Amino acid sequence: MGTKVRRPSHAGSWYTDNPKQLSEELEGWLQSCGLAKSPEVRGVIAPHAGYSYSGRAAAYAFGNIDPSSITRVFLLGPSHHYYTPKCALSTATVYKTPIGDLPIDFEVIEELKATGKFELMDIRVDEAEHSMEMHLPYLAKVFEGHQVKIVPILVGAVSAENEAIYGQILAKYVDNPNNFFSISSDFCHWGSRFNYMHYDKKHGPIYKSIEALDKMGMDIIETGDPDSFKQYLLEYDNTICGRHPISVFLHMLKNSSTKIKIKFLRYEQSSQCKSTRDSSVSYASAAAKTDDSSSS
């Protein structure tokens, strides 16, 4: 099979394409969050905005990863430009980053293809999408010097039933402790440009109302219940762009025999909205850890 490269198409705009600078920037953020690496951390939820906006917040997710026993990373990101009601698999053989390349795990891609539930995404669709790419430099940095393969899955506008089906298909991979899961999502996109202006005045200024709304969603995600998360989205329609990847992940954890708990460690907003002319995007970072307390 020939090499088919997915280029780092957002390097030089969403983050620096200078390897030395990028490496130092990531190391700086990872060090400043001061987290201890834990082999119990099996997954993260992290933002995917330009690094000047969400790079620091993302470190609170990626900074937990102990790379020593992980050999495969499943990457689940939403689709921003390409419509599909399914999940799509990459056709690339390698994902390049300015600080190192991440090879695709064909074996698992073939296994998933064989279920008949996935479509394949064109390399142009793959390169246009930023949601998974923004996790790649962090993964390349954290797994530096370790052999790791990736399984990128673009999660389309998947129905609730299909979120559950994909969760069941992918659950078996959670039970292998060498597998890791990187879930890409930003949180509330607030303002007229996002067509979303939910404001509950009891919280005071707009940015506090946004925070309360996001935290409600984060608390529900931490319960691990995909149905409660669905209800929350139906009720408030919070503009969490990775709602489908997060839902699939919740279904995976629910269907796996390994008990894993999600805990949010960082919350930030790109700016503080005080008037209806303002806009902001929220960034939340979480780690998903094996939960020994509940294993009997």
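Bear in mind that the values here come from a model prediction, so they are computed numbers and not experimental data. (Residues numbered from 1 in each chain as written. Predicted model: local features only at pLDDT ≥ 70, side-chain atom pairs only at ≥ 80, totals over all residues. Heavy atoms only, no water.)

Backbone geometry places Asn-195, a non-glycine residue, at a positive phi of 60 degrees. By relative accessible area, which is 74% here, Asn-195 ends up exposed. If you check the backbone angles, Asp-237 has positive phi at about 50 degrees while not being a glycine. With respect to the helices, strands and loops of the structure, Asp-237 is situated in the loop between α8 (226–236) and α9 (243–255). Judged by relative accessible area, Asp-237 falls into the partly exposed class, the value being 44%. (Buried < 20%, exposed > 50% of the residue type's maximum accessible area, 1.4 Å probe, protein only. Helix = DSSP H or I, 4+ residues; strand = E, 2+ residues; numbered from the N terminus.)

Right, let's get into the sheet that holds strand β6 (residues 100–103). Picture the strands of a sheet paired through backbone hydrogen bonds; they go either parallel or antiparallel. Pairing within the open sheet is mixed, and its three strands lie in the order β1-β5-β6. The open sheet is flanked by β1 (5–6) and β6, the only strands paired with a single partner. Both strand β5 (residues 94–97) and β6 contribute to a ladder of four bridges, which runs antiparallel. Counterpart to Thr-97 in the pairing with β6 is Gly-100. (Pairing = 2+ DSSP bridges.)

This part takes up the pattern of salt bridges. Within this structure, the stated rule accounts for 18 salt bridges. In this structure, Arg-243 engages Asp-237 in a salt bridge whose closest nitrogen and oxygen atoms are separated by 3.5 Å. (Salt bridge = Lys/Arg side-chain N within 4 Å of Asp/Glu carboxyl O.)

Evaluated as defined, the whole model comprises eleven aromatic pairs. Consider the rings of Phe-62 and Tyr-138, whose centres lie 4.9 Å apart with planes at 10 degrees: the pair is stacked. Here Phe-62, found in helix α2 (residues 51–62), pairs with Tyr-138, found in helix α5 (residues 136–142); they are 76 residues apart in sequence, far enough to count as distant. Classification of Phe-62 as buried rests on a relative accessible area of 1%. (Phe/Tyr/Trp six-rings, centres within 6.5 Å; stacked < 30°, edge-to-face > 60°.)

With that out of the way, let us pick up the packing of helix α3 (residues 106–113) against helix α6 (residues 160–174). Between α3 and α6, the shortest axis-to-axis distance is 11 Å and the interhelical angle comes to 150 degrees. Here α6 runs roughly antiparallel to α3, going by the angle between their axes. When the axes of α3 and α6 are compared, the crossing they make is right-handed. Across from Val-108, Glu-111 and Leu-112 in α3, the residues of α6 making contact are Ile-169, Leu-170, Lys-172 and Tyr-173. (Axes fitted to C-alpha atoms, helices over the stretch in contact; angles between N-to-C directions. Parallel < 35°, antiparallel > 145°, perpendicular 65-115°, else oblique. Left-handed = near helix turned anticlockwise from the far one by under 90°. Contact = heavy atoms within 4.5 Å.)

Let us look at the pairing of strand β3 (residues 72–78). Along any regular strand, the residues point their side chains to alternate faces of the sheet. Extensive coverage of β3 is indicated by the burial of seven of its seven residues. Burial along β3 is two-sided: the face carrying Arg-72, Phe-74, Leu-76 and Pro-78 and the face carrying Val-73, Leu-75 and Gly-77 are both buried. In this structure, β3 lies alongside strand β8 (residues 149–155), joined through seven bridges in parallel fashion. Among the inter-strand pairings, Val-73 is bridged to a residue of β8, identified as Ile-150. Pairing of β3 with strand β9 (residues 179–184), which is carried by five bridges, proceeds in the parallel orientation. The partner of Arg-72 across the bridge, within β9, is Asn-179.

So, on to the environment of Leu-102. Relative to the helices and strands, Leu-102 is located in strand β6. Sequence-wise, Leu-102 and Gly-204 are 102 residues apart; in three dimensions their C-alpha atoms are separated by 45 Å. Setting aside residues up to four positions removed in sequence, Leu-102 forms contacts with Val-94, Tyr-95, Thr-97, Leu-136, Leu-139, Ala-140, Val-148 and Ile-150.

Time to look at α6. Residues spaced three or four apart along an α-helix point in a common direction, a consequence of the helix completing one turn every 3.6 residues. A rise of 1.5 Å per residue sets the reference length of α6, with its 15 residues, at 21 Å; its end C-alpha atoms lie 20 Å apart and thus fit the reference within 8%. Along its length, α6 reaches its greatest deviation from straightness, about 30 degrees, at Gln-168. All of the buried residues in α6 are Glu-163, Ala-164, Tyr-166, Gly-167, Ile-169, Leu-170, Ala-171, Tyr-173 and Val-174. (Expected span 1.5 Å × (residues − 1). Bend = angle between axes of the 7 residues up to and from the residue.)

Moving on: the nonpolar core. One finds Phe-62, Leu-112, Ile-153 and Ile-262 to be the most contacted residues of the largest nonpolar core, which totals 90 residues. In this structure, Leu-112 is in contact with Leu-89, Phe-118, Val-151, Ile-153, Ile-169, Leu-170 and Tyr-173, ignoring residues within four places of it in sequence. (Core = buried A, V, L, I, M, F, W, Y, C linked by side-chain atoms within 4.5 Å.)

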